[in-house]
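Inside the fold
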Protein chains: 2
Amino acid sequence: MSKTKDQAKSKSGRPEARLPKGLRDIASGEIRAMNAMLAAIREVYETYGFEPLETPAIEYTDALGKFLPDQDRPNEGVFSFQDEDEQWLSLRYDLTAPLARHVAEGLKSQSLGLPFRRYAVGPVWRNEKPGPGRFRQFIQFDADTVGAESVAADAEICMLAADAMEKLGLAGKYTIKVNNRKILDGLLQIVGIDPNSNEDNKKRLAILRSLDKLDKFKSEDIRLLLTTGRRDESGDFTEGAGLLSEQADLLIDFIGRSTELWVPPDQAVDSRVRIDADLRDIDGSGLLCVYDVYAALDAWEQELRDSPIGLQGVQELRSMQELWHSADYGTSRIRIDASVVRGLEYYTGPVFEAELTFEVKNEDGQTVRFGSVGGGGRYDGLVERFTGQKVPATGFSVGVSRLLAALTALNRTSEAASFGPVVVLVMDKAELPRFQRHAQVLRQAGIRAEMYLGSAGMKAQMKYADRRNAPCVVIQGGNEIAEGVVQIKDLIEGAKAAASIKDNKEWKESRPAQVSVPEADLVKTVRELLARHGGGV
Amino acid sequence: MSKTKDQAKSKSGRPEARLPKGLRDIASGEIRAMNAMLAAIREVYETYGFEPLETPAIEYTDALGKFLPDQDRPNEGVFSFQDEDEQWLSLRYDLTAPLARHVAEGLKSQSLGLPFRRYAVGPVWRNEKPGPGRFRQFIQFDADTVGAESVAADAEICMLAADAMEKLGLAGKYTIKVNNRKILDGLLQIVGIDPNSNEDNKKRLAILRSLDKLDKFKSEDIRLLLTTGRRDESGDFTEGAGLLSEQADLLIDFIGRSTELWVPPDQAVDSRVRIDADLRDIDGSGLLCVYDVYAALDAWEQELRDSPIGLQGVQELRSMQELWHSADYGTSRIRIDASVVRGLEYYTGPVFEAELTFEVKNEDGQTVRFGSVGGGGRYDGLVERFTGQKVPATGFSVGVSRLLAALTALNRTSEAASFGPVVVLVMDKAELPRFQRHAQVLRQAGIRAEMYLGSAGMKAQMKYADRRNAPCVVIQGGNEIAEGVVQIKDLIEGAKAAASIKDNKEWKESRPAQVSVPEADLVKTVRELLARHGGGV
């Protein structure tokens with residue numbers, strides 16, 4: 001027997017019950033909260049005319065674009081295996097690559113009409129090192145518009161993302177931040193790097209990746225990454241992108257510059273500050289914080305005047321801003337922000353990020369903004385890989401567990417069931433049909449109910465009901481059967497009473513939370529009990 | 001470059017956009033119908049106190065029990081690959097094996113209390129030859145009770161399955177058929193095969209597999225499979241189970257015997273026919289079809305009197321029948337039926353099958369019952385694989401696409417959206433913000449709406465709206481803008497009119513389905529239009 005199989009067995013010769021690393025089971029509370037969240041997002045996406053699409057977990061590796069450069073084997077970042085014809089298959093690592101495959105197929109067979117708005121929700125897999133909160137399987141929720149060249153499509157996606165946040169009860173707690181890859185390319189042009197040259201492409205990506213870290217690193221560290229390289233505290237060295245110091249400064253200054261102004265209240269409504277300006281609370285200083293999007297766009301236009309691509313980028317953002325303005329999305333909801341970079345190579349135009357702005361403590365106990373819960377952008381080249389034709393596309397992807405963590409932190413998750421089921425105790429096995437019928441009557445009235453199915457005694461059954469978070473238990477012993485009544489014991493009231501009464505014996509004897517009612521009143525009594533505790537049915 | 005990679009590329013050097021065989025994309029209509037169906041089932045399962053659980057797609061191959069006998073590589077029926085430590089991983093092929101792993105883990109860490117009722121819905125993967133309607137990825141919906149030894153748990157699962165069918169509008173169109181593996185084992189005991197001997201186990205499984213085909217094969221063919229073997233029309237030979245002819249006859253007679261009686265109306269209510277009997281329509285003959293479950297159980301008890309395990313099986317079914325009777329589930333909903341065998345080796349007690357009884361045409365044009373849409377049973381040994389301790393368990397699994405096909409055949413699917421979104425046409429690109437606002441106003445009123453995002457002219461935009469199944473389009477040209485009105489063109493009325501009026505020119509000129517209203521009346525007018533066509537919002 002080989003080592004491989006030995007490893008998989010415990011000493012007993014039996015397999016060990018365990019999950020591969022980076023994978024996890026999800027329990028009922030989180031599933032319910034997640035499903036409620038996904039349903040809310042879905043409702044918004046449907047209102048915008050997006051249609052659901054499901055693609056399978058497995059795709060041809062080449063269709064996902066996941067072969068290692070100049071090699072015949074797949075990227076190690078994806079889970080891959082060969083089919084019976086020795087073609088490589090992989091588990092999807094996002095929902096965008098399968099969409100591109102679907103669109104290319106649909107255009108070829110002429111079964112797909114454009115523009116095409118679709119949403120998709122489902123698991124994706126990454127064969128990467130797992131860490132705290134980083135799993136090898138996680139859920140994404142994407143909305144994409146394919147076949148629309150106009151940045152009206154990008155503007156719509158940002159509105160969609162903003163509406164989804166509002167639907168989840170996050171009004172005032174989020175900003176959709178928007179930039180344009182063309183502006184970044186314009187900046188590179190100005191420092192002498194050709195964004196279209198293959199030679200410069202590696203350098204370009206290294207620069208974008210470095211700039212993307214501006215919110216996490218000090219600007220001095222970013223300068224090192226952009227120029228000669230940086231050695232971190234552990235001694236690891238990251239190679240620099242090879243820019244000159246002045247080039248790096250120009251980039252850092254542009255991207256990192258605050259586009260907020262602090263002005264006295266009487267200047268906050270002057271002609272330069274238009275209706276989209278976000279007048280935030282006075283910060284003790286007596287000054288208002290003002291974000292003037294048009295002033296920012298004007299300034300960028302000046303700085304990028306020598307770069308055609310850069311100017312195009314500014315113009316696109318201007319058009320998008322007009323759409324938001326007209327649909328009444330102020331800059332506190334959707335805001336143009338030069339610091340949005342997004343690492344992915346395939347973006348070609350506007351890029352977006354949904355940031356939650358409320359504060360939480362991080363692992364080190366520092367107070368920080370919650371941060372990004374999703375992002376996206378325009379990627380006009382992805383379908384081209386298959387067809388040779390450019391097919392414009394833009395989309396937004398929600399990081400589902402990150403967003404759920406935010407809702408949980410804010411106590412905004414809506415659990416479908418605030419109580420567990422009513423538990424019907426089994427006092428006598430010979431009377432099972434009777435107890436089963438009680439449970440059935442409750443269910444038919446729309447009340448979650450179960451008969452105890454184990455073989456334990458009364459005390460253990462009560463413990464079970466507690467663990468199930470049951471609002472009450474139904475008890476019927478021989479005497480009650482003879483009298484045609486059932487006892488209904490209120491576990492919520494009981495718990496409250498137990499907490500407030502010191503003398504447990506006294507409480508037990510008074511049994512304040514237990515009533516005896518005729519069998520026919522079972523449903524009515526349980527319903528009243530649920531209503532009393534705000535549970536409804 | 002190797003053959004592998006060449007295969008994956010088209011002549012152009014670009015990858016070909018295609019899906020691996022046996023996999024498919026699912027479009028919006030089917031997704032909506034499926035989600036509505038799953039939500040209905042979920043609601044029933046929740047009422048019974050079942051809790052959702054999600055496990056990942058990937059498990060250790062040994063935890064799934066999928067190593068080939070005496071080999072170190074996984075069964076070819078599962079998709080497998082090795083992790084960085086060279087341990088084998090597989091995609092789950094059902095939802096039961098991951099449940100067993102979860103329970104074994106939970107019991108070891110004492111984080112799981114029993115009894116435990118859980119439901120799970122999600123994709124599973126089979127590396128098997130695909131065929132028409134047979135895919136390599138498909139969805140299962142399982143409900144299982146772990147830790148309940150009592151057959152009350154099995155009885156409850158059958159009630160749950162019946163309630164799910166009713167919830168889907170299938171009342172009168174289904175039967176949950178129930179048998180007990182112990183009765184089959186009792187029969188084997190009587191013909192001289194020890195159900196507990198490892199030596200006889202292969203023979204036992206061969207017999208069960210053969211008997212499972214009684215509904216598809218002629219009984220003469222089953223006799224061959226049970227005895228000397230059978231050569232099919234294509235010349236392929238299937239080895240026989242090696243029984244003697246008399247042994248085979250006894251089994252076929254027991255399993256295949258009809259438990260229905262045809263009696264004159266006046267005998268249908270005699271003392272032998274108890275309250276659970278299902279009195280079906282007179283079949284022309286003047287006779288009533290009667291199913292007498294107690295008579296059937298009495299007869300089986302007689303026949304199995306020499307087999308302790310067989311008698312235990314009958315006794316368990318009797319207890320279950322009492323529970324159904326008391327909860328008012330008649331034999332047309334849940335029926336004991338000796339012909340239910342179920343192929344899976346791991347069943348140890350009651351086995352169930354949900355059969356849809358309405359008739360459809362099969363591929364050969366014959367009228368047949370729709371057949372099985374799910375099944376399950378008791379499997380007390382599955383967790384034992386890990387822990388060495390027997391943990392009783394029983395469950396039911398719905399074949400989701402099969403059930404959806406049934407609902408589709410009966411026209412019982414409830415699509416969330418009967419219309420597509422309202423489409424706002426773009427008459428002038430300079431006015432995009434205006435058109436976007438119209439769409440936004442509709443959405444805020446809860447009406448699905450989208451602005452046209454392509455770059456085509458009026459005619460192509462109308463075609464797009466048709467393809468989107470839009471109830472109406474919103475049109476606003478220069479004149480309308482000047483007047484502050486919008487045109488609303490009713491596409492449903494328009495299509496009706498076009499179908500009934502021969503002279504298309506006349507219809508076009510009369511424009512019966514187009515109204516001009518002030519901008520402020522946009523929402524009101526669209527709402528009225530939707531209400532007129534039964535769409536609501």
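Relevant structure appears above.
Below, the structure is looked at part by part. Position numbers for residues start from 1 in each chain and track the written sequence from start to end. Here chains are named by letter from A upward and ligands by number from 1 upward, in the order in which they appear as written. Local features in a predicted model are, by the rule used here, given only for residues with pLDDT of at least 70; side-chain atom pairs are given and counted only at 80 or more, and totals for whole chains, interfaces and linings are based on all residues. Only hydrogens and water are set aside when side-chain values are computed; all heavy atoms of the structure are taken into account.

Focus on the relation of the copies chain B and chain A
Rules: In superposing the copies, a least-squares fit is computed on C-alpha atoms, taking residues whose pLDDT is at least 70 in both. Residue contacts are defined here by distance: any two heavy atoms, one from each residue, within 4.5 Å place the two residues in contact.
Laying chain B over chain A is done by rotating through 180° and shifting 0.0 Å along the axis; what remains is an RMSD of 0.1 Å. The two molecules are tied by a two-fold rotation axis, judged by turn and shift. Scanning chain B for the C-alpha nearest the rotation axis identifies B:Phe81, at a separation of 2.9 Å. A shared binding surface is used by both copies, with 100% of the interface residues of chain B retained as interface residues in chain A.

Considerations on the pattern of salt bridges
All names here are of chain A. Formally: We define a salt bridge as a contact between a side-chain nitrogen of Lys or Arg and a carboxyl oxygen of Asp or Glu at a distance within 4 Å. Each helix is a run of H or I in the DSSP string that is no shorter than four residues. Each strand is a run of E no shorter than two, and both are numbered from the N terminus. Only protein chains enter the area calculation, which uses a 1.4 Å probe; residues under 20% of their type maximum are buried, those over 50% are exposed, and those in between are partly exposed.
Tallied over the entire structure, the rule returns 74 salt bridges over all chains. Of the charged contacts in the structure, one is a salt bridge between Glu301 and Arg318, with a shortest N-O distance of 3.0 Å. In this pair, Glu301 is assigned in helix α9 (residues 293-303) and Arg318 in helix α10 (residues 308-326), connecting sequence segments 17 residues apart. Accessibility expressed as a relative area gives 17% for Arg318, which makes it buried.

Let's talk about the sheet that holds strand β18 (residues 472-475) of chain B
Residue and element names in this part refer to chain B. Inclusion rule: Any two strands with at least two DSSP bridges between them are considered paired. Here an angle of 0 to 180 degrees is reported between the N-to-C directions of two axes, which are lines fitted to C-alpha atoms, with helices fitted over the stretch in contact.
Strand order across the open sheet formed by five strands is β17-β16-β18-β19-β20, with mixed pairing between neighbours. Only two strands of the sheet have a single neighbouring strand rather than two, namely β17 (449-451) and β20 (514-518). Within this sheet the neighbouring strands show an average axis-to-axis angle of 25°, counted without direction. Taken together, the five bridges between strand β19 (residues 485-490) and β20 define a ladder with antiparallel strand orientation. Residue pairing for β20: Ile488 is matched across the bridge by Val515. With respect to the sheet, helix α13 (residues 432-444) is in contact with β16 (422-424), β17, β18 and β19, its orientation differing from that of β17 by roughly 170°.

Some thoughts on helix α8 (residues 245-256) of chain B
All names here are of chain B. We count it as follows: The span expected for a helix works out to 1.5 Å for each residue beyond the first. As used here, the arc belongs to the directions running from the helix axis to the C-beta atoms.
For α8, which comprises twelve residues, the first-to-last C-alpha distance of 16 Å matches the rise-based estimate of 16 Å (1.5 Å per residue) to within 8%. For α8, the complete set of buried residues consists of Gln247, Ala248, Leu251, Ile252, Phe254 and Ile255. All buried residues of α8 fall inside an arc of 165° around its axis, so they share one side. Packed against the buried residues of α8 are α5 (181-190), α6 (198-211), α7 (219-226) and α9 (293-303).

What to know about the interface of chain B and chain A
Our working rule: As used here, buried area is the combined drop in accessible area, with a 1.4 Å probe, of two parts when they are placed together. A 3.5 Å cut-off defines polar contacts: any pair of N or O atoms within that distance qualifies, except that in protein one atom must be a possible hydrogen donor and the other a possible acceptor, and neighbouring residues in sequence count only when both atoms are side-chain atoms. Here the nonpolar group is Ala, Val, Leu, Ile, Met, Phe, Trp, Tyr, Cys and Pro; Asp, Glu, Lys and Arg are the charged ones; every other residue, Gly included, is treated as polar.
Contacts between the two partners involve 106 residues from chain B, matched on the other side by 106 residues from chain A. Approximately 9000 Å² of surface area, both sides summed, lies buried where chain B meets chain A, with 54% of it carried by carbon and sulfur atoms. Of all residues in chain B, the largest losses of buried area upon contact with chain A belong to B:Arg18, B:Glu54 and B:Leu453, amounting jointly to 8% of the total for that side. Taken together, chain B and chain A are joined by 22 salt bridges. At the boundary of chain B and chain A, one finds 50 residue pairs in polar contact (both at pLDDT 80 or more). It is α13(B) that contributes the most residues to the side of chain B that touches chain A, seven residues altogether. Across the side of chain B that touches chain A, the residue classes break down as 48 nonpolar, 23 polar and 35 charged.

As for the side chain of B:Arg318
There is a polar contact of 3.0 Å between the side chain of B:Arg318 and the side chain of B:Asp298. With residues up to four places along the chain from it excluded, the contact list for B:Arg318 reads B:Leu297, B:Asp298 and B:Glu301.

Points about the sheet that holds strand β7 (residues 174-180) of chain A
All names here are of chain A. The mixed open sheet is built from eight strands, whose spatial order is β1-β5-β6-β15-β14-β13-β7-β12. Across the chains shown, the open sheet's two edge strands, defined by having one partner strand only, are β1 (51-52) and β12 (334-336). Where strand β13 (residues 350-361) lies against strand β14 (residues 367-378), nine bridges are found, and the strand directions are antiparallel. Among the inter-strand pairings, Glu359 is bridged to a residue of β14, identified as Arg369. Its contacts with the sheet put helix α5 (residues 181-190) on β7 and β13, and the angle it makes with β7 is roughly 45°.

A few points about the side chain of B:Asp380
Residue and element names in this part refer to chain B. Along the chain, Asp380 falls in the loop between β14 (367-378) and α11 (384-387). Of the polar contacts made by the side chain of Asp380, one reaches the side chain of Arg378; its length is 3.1 Å. Not counting residues up to four positions away in its chain, the partners in contact with Asp380 are Thr348, Lys390, Val391, Pro392 and Ala393.

A word on the packing of aromatic side chains
Our working definition: Between the rings of Phe, Tyr and Trp (Trp by its six-membered ring), a pair exists once the centres lie within 6.5 Å; its type follows the angle of the planes, with under 30 degrees stacked, over 60 edge-to-face, and the other angles tilted.
In this structure the tally under the stated criterion is 22 aromatic pairs over all chains. With centroids separated by 6.4 Å and ring planes inclined at 45°, the aromatic side chains of B:Tyr45 and B:Phe50 adopt a geometry described as tilted. Comparing B:Tyr45 with B:Phe50, the two get one shared label, buried. Ring centres 5.6 Å apart and planes at 40° place the aromatic pair B:Phe254 and B:Trp300 in the tilted group. A residue pair is termed long-range when its members are at least 10 positions apart, and B:Phe254 in helix α8 and B:Trp300 in helix α9 qualify at 46 residues. B:Trp300 carries the same exposure label as B:Phe254, and that label is buried. Each member of the aromatic cluster is reached from another via a ring pair, and the members are A:Tyr45, A:Phe50, A:Tyr119 and A:Phe141.

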